[in-house]
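# Examining the three-dimensional arrangement
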Amino acid sequence: MSRMEPEAHLGTPAAPGASLPMSDADDEPSHLGQFIPLHYHHNMLLDTNRMSNFKAAIDAVVFKGARVLELGGGTGVLSCFAAAHASKVYCVEFNPDMVAESRRLLAMNAHGHKVEVVHADAFEYLPPEPVDVVICEMIHVGMLREKQVDVIEAFKTRYRARFGDRLPIFLPTAALMAVQPLHQVFDFYGFNAPIIQFQRVGAEHPGATELAAPVVYGVMDFDQTCSRDIAWKGDIAITADGTVNALRFITKNILALLGTQGRTQDWLNDYMVLPLTTPVDTRAGDTLHVSFNYRAGGSLQSLARTMRATVRERVCASGA
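Rules used throughout
Residues numbered from 1 in each chain as written. Predicted model: local features only at pLDDT ≥ 70, side-chain atom pairs only at ≥ 80, totals over all residues. Heavy atoms only, no water. Pairing = 2+ DSSP bridges. Helix = DSSP H or I, 4+ residues; strand = E, 2+ residues; numbered from the N terminus. Axes fitted to C-alpha atoms, helices over the stretch in contact; angles between N-to-C directions. Expected span 1.5 Å × (residues − 1). Buried < 20%, exposed > 50% of the residue type's maximum accessible area, 1.4 Å probe, protein only. Contact = heavy atoms within 4.5 Å. Polar contact = N/O pair within 3.5 Å; in protein donor to acceptor, adjacent residues only side chain to side chain.

## Some points on the sheet that holds strand E1 (residues 67–71)
Strand order in the open sheet formed by 5 strands is E3-E2-E1-E4-E5, and the pairing between neighbours is parallel. Edge positions in the open sheet fall to strand E3 (115–119) and strand E5 (169–171), since each of these has one partner strand only. Going from strand to strand, the sheet's axes swing by 20 degrees on average, the running direction of each strand aside. With 4 bridges connecting them, E1 and strand E4 (residues 133–136) associate as parallel partners. Residue pairing in the sheet places Leu69 in a bridge with Val134 of E4.

What follows is the structure, given as structure tokens:
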């Protein structure tokens, strides 16, 4: 999801200085993208970053006459984009309100007649025939909250069992995840509140001071088997003096590989900033050791409570 979103539930606050208004349950059904309420889809339709990049990727990947499956269709907009080229699109949606709404909206749009909206669970549905492309956008920063990994892995198992080992093209095809140390201002008119923040890609963030460059901590290749367990320990070179009191998480989704153009069609989620329980004073040239672990689809708290950051002494090169 490429949108600033509130958590659906309030959990027990974490340690003082790092309270996060989010559920502590890792696998609540409410975390699944299929349960996004109807009114929230308006924000998604207005999100130029999301919409323009998905449309460009779909236009590049879905060839004339292709058969397409979308898992978690929402309003049906991505299925509608695909139908401009495809001969048939199966649009799977679990929320009955969204099923009715997507059918209404698709009937108003060109090519909507080629989209069959199926009221089913994305974890269980298989199309009646092999498909060429699978579109699935159940993506939150860091692969948290929503069930992209679980849905795709379950689909691949079922699909192979029925149609053989040749899999369709997945859109997105991969995701790169990175982490970046920040000093984040958590002062709200004199009220100190270290809480989760989402930051728009390309916007100014005057309260955020970058203390190091982002470092990639994980890659999800949906053509391969993706583990739900995500863990990272690594060193980050600090480039400016300051207090690291938060980690910014960045997710770059590779929507499509545009081989003939030698590039990829990408989509960046909004950045997610999580406060550290214990801030760390750093200087330029320091090495910051960062560690965390979580499960894809888990709550934001499941990541936040494992985050650790400490300063290591610089290792001098031989002869220096």
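## Looking at helix H2 (residues 48–61)
Given a rise of 1.5 Å per residue, 14 residues ought to cover 20 Å, and the 20 Å separating the end C-alpha atoms of H2 matches this to within 8%. The set of residues buried in H2 consists of Arg50, Met51, Asn53, Phe54, Ala57, Ile58 and Val61. Of the surrounding elements, those touching the buried residues of H2 are helix H1 (41–46), helix H3 (77–83), E4, E5, strand E13 (242–258) and strand E14 (263–268). The opening residue of H2, the one whose side-chain oxygen lies 3.2 Å from the backbone nitrogen of Asn49, is Asp47.

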